[in-house]
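# Inside the fold
Next come the chains, spelled out residue by residue.
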Amino acid sequence: MLRISGVSKSYDSRVRAVDGLDLEVHQGEIFGFLGPNGAGKTTTIKMIVGILKPDQGSIVVNGVDVAKEPVQAKKQIGYVPDEAQLWDKLTGIEYLNFMCDVYGVPGEEREKRALGLLESFEMLKVVGDPIGSYSRGMRQKIAIIGSLLHHPPLWILDEPMVGLDPRSSFLLKELMRSHADQGGAVFFSTHVLEVAERLCDRVGIIHKGKLIAVNTVEEMKKLFAREGDKSLEEIFLKITEAKLPEEQLAYLAK
Ligand SMILES: Nc1ncnc2c1ncn2[C@@H]1O[C@H](COP(=O)(O)OP(=O)(O)OP(=O)(O)O)[C@@H](O)[C@H]1O
Ligand SMILES: [Mg+2]
């Protein structure tokens, strides 16, 4: 469903934000993308959805090459960015209608598709209000709903639970699971390791632009089981441990 091959990206010539990334996400799978702040998660996600161009490598989404057929590739994807840029003057319903226009959702389908999601996310009461009046969580919810109306096979979610209340967060996790179970796939980044541990079929850990571990949570635990039962949190902390360079240590010791 998603194939990332040899992808690298630098913002300036010195550091690679993403460095030689190879990764596959299969149909039916929820894949959790973990890593410390600045590891390269958002950069990777922006390349998958076509906002950033890789310096090297290729990305194929549901059989469509993102560089060669960008519009066709975008149709395969439901994307929720880490901070959605929404238009404050539009009402929620105008925004959803706009998203349907962009993705070519037939007019007669729109109400049916939006209604269930609006109801489940408890957004029916405010959908007529301007987005500028929404709370952070409401903005996140309208962004999520807007990203799903064209029924994309691959969901790409950048820290999607941030700002959601427990009920909405629970609902989103249920939607992710049922989407994967029905033959779709979900690739999402998160810092909430308990969520990753419970929800994901596989997780990958990126650190300084490089994928340093990718496996099922169970397999990762087995690999790190030498010193007893480890949680994903302990594994994560161990393999992304920050070590200060020698010269900084010397500076601190002064
Ligand atoms: N627009 C930009 N210009 C220059 N450097 C950038 C830009 N965006 C990101 N970077 C750098 O690229 C690296 C990866 O950043 P990225 O946003 O992909 O990390 P992340 O894993 O999503 O982190 P977080 O968990 O904080 O969201 C960091 O070193 C960051 O400073
Ligand atoms: Mg990020």
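This structure is a prediction, so every number in the text was calculated from the model and none was measured. (Residues numbered from 1 in each chain as written. Chains lettered and ligands numbered in written order. Predicted model: local features only at pLDDT ≥ 70, side-chain atom pairs only at ≥ 80, totals over all residues.)

## Comments concerning the pairing of strand 2 (residues 16–25)
The pairing of strand 1 (residues 2–10) with strand 2 spans 6 bridges and is classified as antiparallel. Each residue of the ladder has a partner; that of Leu2, found in strand 2, is Val25. Count of turn residues in the strand 1/strand 2 antiparallel hairpin: 5 residues. (Pairing = 2+ DSSP bridges. Helix = DSSP H or I, 4+ residues; strand = E, 2+ residues; numbered from the N terminus.)

## A word on unusual backbone geometry
Notably, Asn62 is not glycine yet its phi reads approximately 50°, a positive angle. Of note, Asn62 is situated in the loop between strand 4 (56–61) and strand 5 (64–65). Positive phi is not limited to glycine here, since His151 has a value of about 55°. By the element assignment, His151 lies in the loop between helix 5 (136–148) and strand 7 (154–158). In this structure His151 comes out as partly exposed when scored by C-beta crowding, with 13 C-beta atoms within 10 Å. (Buried ≥ 20, exposed ≤ 12 C-beta atoms within 10 Å, placed from the backbone.)

## Observations concerning helix 6 (residues 166–181)
Compared with the 22 Å implied by 1.5 Å per residue over 16 residues, the 22 Å span of helix 6 between its first and last C-alpha is a close match. By the burial criterion, the buried members of helix 6 are Ser168, Leu172, Met176, His179 and Ala180. Buried residues along helix 6 cover an arc of 105° about the axis, so they all sit on one side. Turned more than 90 degrees off the buried face of helix 6, the exposed positions are Pro166, Arg167, Phe170, Glu174, Ser178 and Asp181. At its buried positions, helix 6 is contacted by strand 3 (30–34), helix 5, strand 7, strand 8 (185–189) and helix 7 (193–199). After helix 6 finishes, the residue Gly183 shows a positive phi value of roughly 100°. (Expected span 1.5 Å × (residues − 1). Arc of directions from axis to C-beta. Contact = placed C-beta atoms within 7 Å.)

## Observations regarding the domain arrangement of the chain
For the chain, the assigned domains read domain 1 (2–76 + 152–253) and domain 2 (88–151). For domain 1 versus domain 2, the separation of C-alpha centres amounts to 26 Å. Each side of the interface is counted separately: domain 1 has 9 residues, and domain 2 has 10 residues. Counting residues per element, the side of domain 1 that touches domain 2 draws most heavily on helix 6, at 3 residues. Broken down by class, the residue content of the side of domain 1 that touches domain 2 amounts to 5 nonpolar, 2 polar and 2 charged. (Domains from an automatic or database assignment. Nonpolar A, V, L, I, M, F, W, Y, C, P; charged D, E, K, R; others polar.)

## A look at the nonpolar core
With 63 residues, the main nonpolar core has Leu2, Ile48, Ile145, Leu154, Ile156, Val186 and Phe187 as its most contacted residues. Of the residues that make up this core, three or more belong to each of domain 1 (2–76 + 152–253) and domain 2 (88–151). With residues near it in sequence (within four places) discarded, Ile48 still touches Leu2, Ile59, Val61, Val66 and Ile156. (Core = buried A, V, L, I, M, F, W, Y, C linked by C-beta atoms within 7 Å.)

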